[in-house]
Every structure is written in structure tokens, then in C-alpha cells.
Number of protein chains: 2
Amino acid sequence: MPPDLSLSSAPSSTVSAPPTSAAEAVPTSHEQPQQHQHQQTGQYRNHKRRTTQPELVDAISHPGDVRINVQGAFIVDEENGSTTPSSEPSSETSMSLQELEDGGYEHDGKDIRLPNHTQGVSHIAVDIGGSLAKLVYFTREHSSSEIGGRLNFVKFETDKIDTCIEFMRHLQAEHQTQNGSKPKDLCVMATGGGAFKYYDKIREALKVEVLREDEMECLIIGLDFFITEIPSEVFTYSEANPMSFVASPPSKTIYPYLLVNIGSGVSMIKVSGPRQYTRIGGTSLGGGTLWGLLSLLTGARNFDDMLKLAEKGDNTAVDMLVGDIYGMDYNKIGLKSTAIASSFGKVYKMKRAAEREAEDHGGLANGDHEHPSASSPLDPTSADPINVGNTKFKAEDISRSLLYAVSNNIGQIAYLHASAHNLEHIYFGGSFIGGHYQTMNTLSYAIKFWSKGEKKAYFLRHEGYLGAVGAFLKRQPRNWGRRGSMDGGPLPGEGFEGRDGNGPVWGR
Amino acid sequence: MPPDLSLSSAPSSTVSAPPTSAAEAVPTSHEQPQQHQHQQTGQYRNHKRRTTQPELVDAISHPGDVRINVQGAFIVDEENGSTTPSSEPSSETSMSLQELEDGGYEHDGKDIRLPNHTQGVSHIAVDIGGSLAKLVYFTREHSSSEIGGRLNFVKFETDKIDTCIEFMRHLQAEHQTQNGSKPKDLCVMATGGGAFKYYDKIREALKVEVLREDEMECLIIGLDFFITEIPSEVFTYSEANPMSFVASPPSKTIYPYLLVNIGSGVSMIKVSGPRQYTRIGGTSLGGGTLWGLLSLLTGARNFDDMLKLAEKGDNTAVDMLVGDIYGMDYNKIGLKSTAIASSFGKVYKMKRAAEREAEDHGGLANGDHEHPSASSPLDPTSADPINVGNTKFKAEDISRSLLYAVSNNIGQIAYLHASAHNLEHIYFGGSFIGGHYQTMNTLSYAIKFWSKGEKKAYFLRHEGYLGAVGAFLKRQPRNWGRRGSMDGGPLPGEGFEGRDGNGPVWGR
């Protein structure tokens, strides 16, 4: 059944009062007036000292009740996935690299350094989706020459939830070691369907409080944070410039916008203000569809293999193009001969033709002449062709065709919803994209094509962690310490002055 | 690439002047004034006599230049596909039933009887799509007790275009035998991509004039004809009443409406008046996608086998439901636990789980316990399960899931386009539907669901022949002799008086 088309906005969570003594608090000269007064408290110039015991006690006794100093925050590129020592699982849970890949546990690079945050953080956040569980947690920098800490991003296959819980248990132990706290003092913020499905399991395993947060709300809180606080996070894609960073919110205010979150399934969320959102649509044709069908159709073991196959494929070996039907362009309605008329439309025809050839001539039909792309047996991502009757179809071609089909379809539906709600900016999140150029190119092209260039597609480097980061930050008061980029605040330029020294603080 | 979103309406073809002597012409008291005068000429009461030689000569010397008397037209149900003798191919081209199915040539039942048309018809029409070629032609009734004739509907696989041409050659011979005309005198009206791709081939084979007509225009001409002229043609679907015929155009005027034509690919056409149309969208995820992927994934030999598989399948064995993610409903956004969150979303998870089980315990994982639907090996449409690693997936379940996915997706996109253009009535045409209840149920449900019951899905018994019938009729002057159901004419009741005796005539 199609998912529900609309729902009313969730009520904004209550904003708690700011602390009267706010260590780490840094004034930001451009906050909204009612927020500004919140900034005037605290010894806000004191950045270099270590966290004091009272602060730790305060943090520990109020789970999630801590201010994240994001001044000067930046992304640490560690494409090899290495992490700070303290974030690695302890020996009894550590795995070999092979196990990491096979076991469905992967530490993402792209940690976010928080050079000016030194306080203890007493919570971790996990977003448990249909296929993947995304975990975000804070760690101190261990090198004595550095203060501050970083946000770490780890993902697990949801079916390996036990590994995920074991990883959290390890963080819990780390937390005790560092802060001398009692186990119950680490709080787990959980969102996504798994926050409900595995609620009891997590509580019993960790003996801690598990705070469940709404999935959609966490997604937009996380996205707002990335858009407004993290440099070199949001970017647009074009073949000429695959990663053109958006230096500041794309307009005076980031609202309204459409978030298209592509996980196993797809949710489309209209965001009209901070924590003001409506799920206006979605489709069941998402990442799970691509992963599932390619599991059935190719030898690819994981998503990366599938993307590698797609990169080498030629979709025209299986897709029916306008030219295949017309023998030319269909100019009258502006369809070029190279346009895809029917995804996989050639397969049934070729299968039937091969069957007839075999019947008519008793010979073996071979579809290979229809498959220009070459197979390289030495490549692990090059699977054997699929035989249908006497016709062969290459895994590479099938993968590329399906990637195009799913991405184009999401792009068209996203455009139609954005158009119906007059939304110009479309952000694509979720683990489906995986920073893959073909996917982003297809989504960008679809939005540009259907909207005749009037709407724009935006991507994020932490695309898969919107919900987890949203859950991690949700306990922070709305807009407190945020840049003025929200609620029609100052102009983009002003909105980012904070980066020059007056960094924002996300507090209670 | 996505197909072009819009195009300007094609110019209406010039309406030729009415004949000064119009045999068979019947007055229709409720025509538009400017049309009415066309009706006042001719010996229009003379129904019973045979076609005269002068009329034949007139018809033959003007290809396609003949008036079709549709007074009292009705559908002849011949589900067994038998036809009038004269429409069968001559011995050298006739095939066994097995050959019909395998060779991609099938005579549709549901001929349309034209009891009051006795004149010769000097043209046949063919709509050659990406997968199927649809042929429409007129034959006399041979039983001496009957006058009039009928429209016959035959379809071929486009790859068997030679068989289609041979069939036309046979009709050409019949035409000569009956009318003593010369071969060149039979005119072929051709539309669809194949009209261009196979233009030379058809001309050379038949040595006749081939008139190519625009595909989209033919589709709407054919649909208008079926909506306004043929009783028991248009119907709505519901599980309680699978075929509830629409006794008259669904509103005072049938315009505007959306035509969703589902062939190998999908075209969505906004129709605002007679021959006033715009292709506003489409998707490459159509019939060709279902047929192609199920050819790769199941042992089904043809579309009927695939539909039979889908009827027996359980999509929840491969689809990820909201309940699979949440363990409950996601009430906050109104998603029931039974809603499909991700089509095929379970497959990758189950494959990975089975791999891990094999790794962890060295045992064989078997996914069958996840597959409630039973396999019946005695049934030819029951294929062997697909093994992915150690996990088995049933062809029946895969077929049902994909049928749901493609149909739901088309339904959502159709709704979004209809909503953007404020179109209430959505007609589904094309060979994809094939009168299949599951498909119509899914499309109807999707439209009802997304539009909250404000928009309605309509189906046709000749769904696959809109283009062919449109090409067959295109040479008739627009609206000439039509019922008043067009251009904001009389009310529905009046609009159908014609059936009580004042039957319409489609003429030059």
C-alpha cells in the first residue's frame, strides 16, 4: 500500500531554560534577541582548560544535558576509516577488517572535530533503520597537544544489532573509565524504527535509559545542523564539478525545503521551519529495492560491489530506448532517441527472440552481440552473465540500469512533490546515495530536467547520519546558540561570521 | 534520462467537408449546430441494403475515406478468441494454438459488432509499440442472416513484425477477393514507434500506401471513441465490483482528463478537448520493466505466466513492511505496520543473515521459514525458488512484489500529475493492465489513496487498442456525427439518446 501522504507537524519540544553557569558558552553577536540573552552568561572566553569535575557530575547527572561547542567545527577526512583510539572497540569486541566488512560494521571517515568542546558528553545516539543502524558518539582527543574532541560516525547492519549494542556497551565502559561515572549515567538517544523494535533489548543489555525520538523530527534537526553549522558539508553535484560546496545556506533562510531521505524506503519531508515538518510523500522503491533486486540478479555481496558493477555497466544493453522503438528521435514530444523509454524493456524481447531463433533454426541464440560492455573475469565485481533461455545479460548492465531506474524515479517523484509545495531546494539524504557519483548525477539531472533548472538538488557528506545526529542534538534547546541562519535571521554572510571566532554553542 | 515533461498540443488535423451524398448517414438530433448541418444530407434511413459498387469504388479510390456507422455498436464477447472466418489468416500463414502463443500472435476476443455498417472499408490500422503490435481491421458478417460487420483486434509481438505484415498481406488478399479492388487500394494506417521504424518494410511488403499518424494523438482519438461510443467499454474497479461499467461519460463533458498509457514504458497525457493534448509526463518503469525483470528472475515464459505467478505470491516474503522496521505501526505519520516500506527490502537482509549464519555455525541457512506461500510443483507457472547464497526466494512472491511496486509507482506518479493539472478522471490504457484484477486493484487503490478519494481510476476492455483504433478512425472528420458528449455538449442522458436509434456515423 502507498504510505500516508500527509501528517500534521509534530509539536516542537519545550525549550528548557539556559544554565546560569555555562562553561564553554561563547557569545554569538548575531543571534536572535530572545536567544542573545542566553549567550551573555558564563566564562565564555575560557577555552583551553580541561573539563572540571563539577561539570562532569552535572553532565552525568543530566543525561543528554550538555552543551556542544561547535565553534570551529570541521570535518576530518579519514577515508581509510581510522579513528581516535578511544573510539575503537575493546579487544573482546574488536574485529578484523574483513569482519568489519562482512559483519556489517563500518566506521565512517569524516569525523567532525570539535576543537573547542572539552566537556564530557554523557549520551550517544543511534538511528536504527530497516537495513542500517547509524551510531554517533563523542570522544575526546587523546593527543595531549590537542584539546576538544570529535563526533564519530559508525554504521552497522541492522541485523547485526547485537554487534551495535556490544559497541555501545564498549562506549559505556570507555565513558566510565574516563569519567568515573556509573553505567546508568550514559544515556542512549535512539530513533528510527529500531528504536521501538529493539527498545527493550537495548535497555536490558546496557542497563541504561533509552530515550526514543521521532524519526522524521531527528532527520530535520540533523539536516538543519549540517546545513547551518558544518563547513564543507552541503554540496551540489555536476559532472564538471562533482562536489561544489555550498559556503552558506542557499538562501537568506534555509526554509522551506524538501528533504528526500533515501534508505531502504524513501520519505519526502516538507520542512517549513525549525522542527516544523510534514511527511508529504514517499515511495517503497528505494535502496532496499536496489540492494534486494541486485542480490537476486548479480553475485554482488554488498552495496559497494553493486555500485562498482554499475560503474562498469551499459544500461542500453537491457533498457529499451526511444530509438529502439522509433528508430529515431520522437521529436514531436521532444524525446531523444537516447532517452530510456522502458527500463529493462529489452530483456523480454531478447529472451523471446532467442527462444524463437532456437525453435526456428534449432541453433543456440546468443545475446552477447547486444551487450557492448566487456566483462573482466579478473575483477571480483564482475559477475557471470545471467542466462535467460539462450540469452546472456551482464550483471554490470543490469546494475547500471536498475541504479538509473531507481534514482530517476525518486528524482521525478521528488520534483513532483517539490513542485506541488513550491519548494525550490531539495536535499537528498540517506545511505542509498553513499557519495556515489552516478547516483548523485542521476538525481541532480532528474531534478534539473523536470524542473527546467528551477529547482536544485543538494547532497551532504554525512548524508546517512541525519537522523543519528538529530537524535544526538535533539536535547539541545531549539535555536539556542545557533547561527542566525534560521527563522529569517541575518544574511548568509552574517550567518556565518561565527566561524571567525564567535562560534555557536549547542546547549541544554 | 527522464522523458520530456511537456509539449505543446499538436495542431488538429483539418476537417474535410462532408459528403454531399452520404449513404448510411443518420441524423443525430443533439449535435452541435455547426455539426448538425452535416447530418442533414444523405438518404440516411436506408440501412438494410448491401454496399453498392459505386460506394465501393468511392471507398477504394479514397483510402481511409469511408464513414463507419457505429449505430448500435456493441462488444461481442469471444473470450476463446475465435473470430469470423474472414478474419482468419489463410492456410499458408495460419498457425496452431501453440504457435499463436509462442509466435507472439493472438486474436483478442471482444470484437466490436457494427450491425448497421455495411459499406466496404478500405483501410486497416496498426499500432506498433516497443513490445506489441496491435492491429485493428473491419470485416463483413458472413452469415447471410446478418448485415453489418465488426472491428477485429489482433496483437503480435513487435519482434514478430513479419508475422504481422504477413497477416496484413492476408487481409489485403481478402480485401481484393471481396471487393475486386487492386492491392494498392488497401490503405494501412500506422502509428506507434514501429510506424516509423518499419515504414519501408511494410510499404515494400504490401506495396501499399502507409499513412503514419502521431502516437499520442491516436491514443486520445481512440480513447474518446471508446468513452463516447461503445457501451460496456469503460469501467471502474473495486474488489466488491471488479467491473462496474460507466453507463455514460463520467461528467457532462469528458474533458479534461488524464490518460495513463502503460505499455513497455508509460506516457501520461493531459487531454483538454478533442485532439487537444499534452504529454505531461511518463516513467520508464512500465510493462517492459515488469516483463524484463521477471524474465530474469522467474521461469515464466510470457506475461500471462507472470500474472499467474503474482496471483499465487506473497509479497511480504520479500517486501520490507513498516512493521518489519518498527515492530508496530508508525502511527505518528499514519503508516500501518502492513504498509510496504521498501519493495524487495527483505531480500538483502535475508541474504546477509543467511551468509552470516553459514559463517557463524557452518550450517546451511534456509530462508523458507520466511516464505509462507506454498509452492505447487504440479503447476506450470510455479517456478523453482531462486537461491541467493543459502536463501531461497519464490518466483510467486517476487512476481507479486514487483507487480505491486510497478503498479503503485505508476499510480502515485499519475496522481501527482493529475493533481498538478487538476484532473479528476484518470484513464488507464495500454497492454500492461491486461484486464488483470490485481493490477487494476493496485492502480485504483493508489489513486483513491493518494487523492483521498477525490480522483477516480477508469479502465477499458480494449485498453491495449486505443492507438490502433485511433489510427483506424483518425481519417474521420473530428466530431462529425459524434454524440453530443464532447465539447460541453448535452447532458449525459441526452448524450446517449443516439443509442436508441439515432446512431452516430463516423464519416469523412
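Residues numbered from 1 in each chain as written. Chains lettered and ligands numbered in written order. Predicted model: local features only at pLDDT ≥ 70, side-chain atom pairs only at ≥ 80, totals over all residues. Heavy atoms only, no water.

This brings us to the sheet that holds strand S12 (residues 257-262) of chain B. Residues and elements named next belong to chain B. Spatially, S11-S10-S20-S19-S12-S13-S14 is the arrangement adopted by the seven strands of the open sheet, whose pairing is mixed. Of all the strands in the sheet, the pair left with one neighbour each is strand S11 (244-245) and strand S14 (276-283). Relative to strand S19 (residues 425-429), S12 is paired through four bridges, and the arrangement is parallel. If you follow Leu259 over to S19, its bridge partner there is Tyr427. (Pairing = 2+ DSSP bridges. Helix = DSSP H or I, 4+ residues; strand = E, 2+ residues; numbered from the N terminus.)

Quick look at the packing of helix H12 (residues 395-420) of chain A against helix H12 (residues 395-420) of chain B now. Running from N to C, H12(A) and H12(B) cross one another at 30 degrees; their axes reach a closest spacing of 10 Å. Taken together, the axes of H12(A) and H12(B) lie roughly parallel to each other. For H12(A) against H12(B), the interelement crossing comes out left-handed. Residues A:Asn409, A:Gln412, A:Ile413, A:Leu416 and A:His417 of H12(A) lie in contact with H12(B), whose contacting residues are B:Asn409, B:Gln412, B:Ile413, B:Leu416 and B:His417. Residue classes in the contact of H12(A) with H12(B) are distributed as four nonpolar, six polar and no charged. (Axes fitted to C-alpha atoms, helices over the stretch in contact; angles between N-to-C directions. Parallel < 35°, antiparallel > 145°, perpendicular 65-115°, else oblique. Left-handed = near helix turned anticlockwise from the far one by under 90°. Contact = heavy atoms within 4.5 Å. Nonpolar A, V, L, I, M, F, W, Y, C, P; charged D, E, K, R; others polar.)

For the pair chain A and chain B, the best superposition has an RMSD of 0.0 Å and corresponds to a rotation of 180 degrees with a translation of 0.0 Å parallel to the axis. Such a turn and shift between the copies fits a two-fold axis. Looking at the interface residues of chain A, 100% of them are also at the interface in chain B, so both copies use one shared face. (Least-squares fit on C-alpha atoms with pLDDT ≥ 70 in both.)

In this section: the interface of chain A and chain B. Across the contact, 93 residues belong to chain A and 93 residues belong to chain B. For the pair chain A and chain B, the summed buried surface comes to about 7900 Å²; carbon and sulfur atoms form 59% of the total. In this structure, A:Asp159 engages B:Lys349 in a salt bridge whose closest nitrogen and oxygen atoms are separated by 2.9 Å. Remark: the boundary between chain A and chain B carries 25 residue pairs in polar contact (both at pLDDT 80 or more). Per element, the largest residue contribution to the side of chain A that touches chain B is 10 residues, and it comes from helix H11 (residues 345-361) of chain A. (Buried area = accessible area lost by both parts, 1.4 Å probe. Salt bridge = Lys/Arg side-chain N within 4 Å of Asp/Glu carboxyl O. Polar contact = N/O pair within 3.5 Å; in protein donor to acceptor, adjacent residues only side chain to side chain.)

Under the counting rule described, the total for this entry stands at zero disulfides over all chains. Summary of cysteine pairing: A:Cys164 is not part of a disulfide, and the nearest cysteine sulfur, belonging to A:Cys187, is at 15 Å. (Disulfide = S-S within 2.5 Å.)

Turning to the pairing of strand S13 (residues 266-273) of chain A, a few remarks are in order. All names here are of chain A. Most of S13 is tucked away, with six of its eight residues classed as buried. For strand S12 (residues 257-262) and S13, the ladder comprises six bridges, and the chain directions are antiparallel. Counted as the bridge partner of Leu259 is Ile269 from S13. Remark: three residues form the turn of the hairpin made by S12 and S13, two consecutive strands paired antiparallel. Alignment of S13 against strand S14 (residues 276-283), held across seven bridges, turns out to be antiparallel. (Buried < 20%, exposed > 50% of the residue type's maximum accessible area, 1.4 Å probe, protein only.)

This part takes up the domain arrangement of chain A. Residue and element names in this part refer to chain A. What the domain assignment lists for chain A is domain 1 (53-232 + 464-506) and domain 2 (280-344 + 395-460). If you look at the interface, domain 1 gives 10 residues, while domain 2 gives eight residues. Counting the surface lost from both domain 1 and domain 2, the interface buries some 650 Å², and carbon and sulfur atoms represent 67% of this. Ranking the residues of domain 1 by area buried against domain 2 places Leu223, Ile227 and Gly464 at the top, with a combined share of 41%. For the pair domain 1 and domain 2, the interface holds zero residue pairs in polar contact (both at pLDDT 80 or more). Going through the elements one at a time, helix H3 (97-102), strand S6 (132-140) and helix H7 (215-229) are the ones with two or more residues in the side of domain 1 that touches domain 2. Its residues placed into classes, the side of domain 1 that touches domain 2 shows five nonpolar, two polar and three charged. (Domains from an automatic or database assignment.)

Residue and element names in this part refer to chain B. Inspection of the entire model under this criterion finds 23 salt bridges over all chains. For Glu355, the salt bridge goes to Lys351, with nearest N and O atoms at 3.3 Å. Here Glu355 and its partner Lys351 are both found in helix H11 (residues 345-361), four residues apart, which amounts to about one turn of the helix. As far as burial versus exposure is concerned, Glu355 and Lys351 are alike and both buried.

In this structure, A:Ser295 sits in helix H8 (residues 287-297). The buried category is assigned to A:Ser295, whose relative accessible area is 2%. When sequence neighbours within four positions are dropped, the list of residues in contact with A:Ser295 reads A:Met306, B:Val347, B:Tyr348, B:Lys351 and B:Val388.

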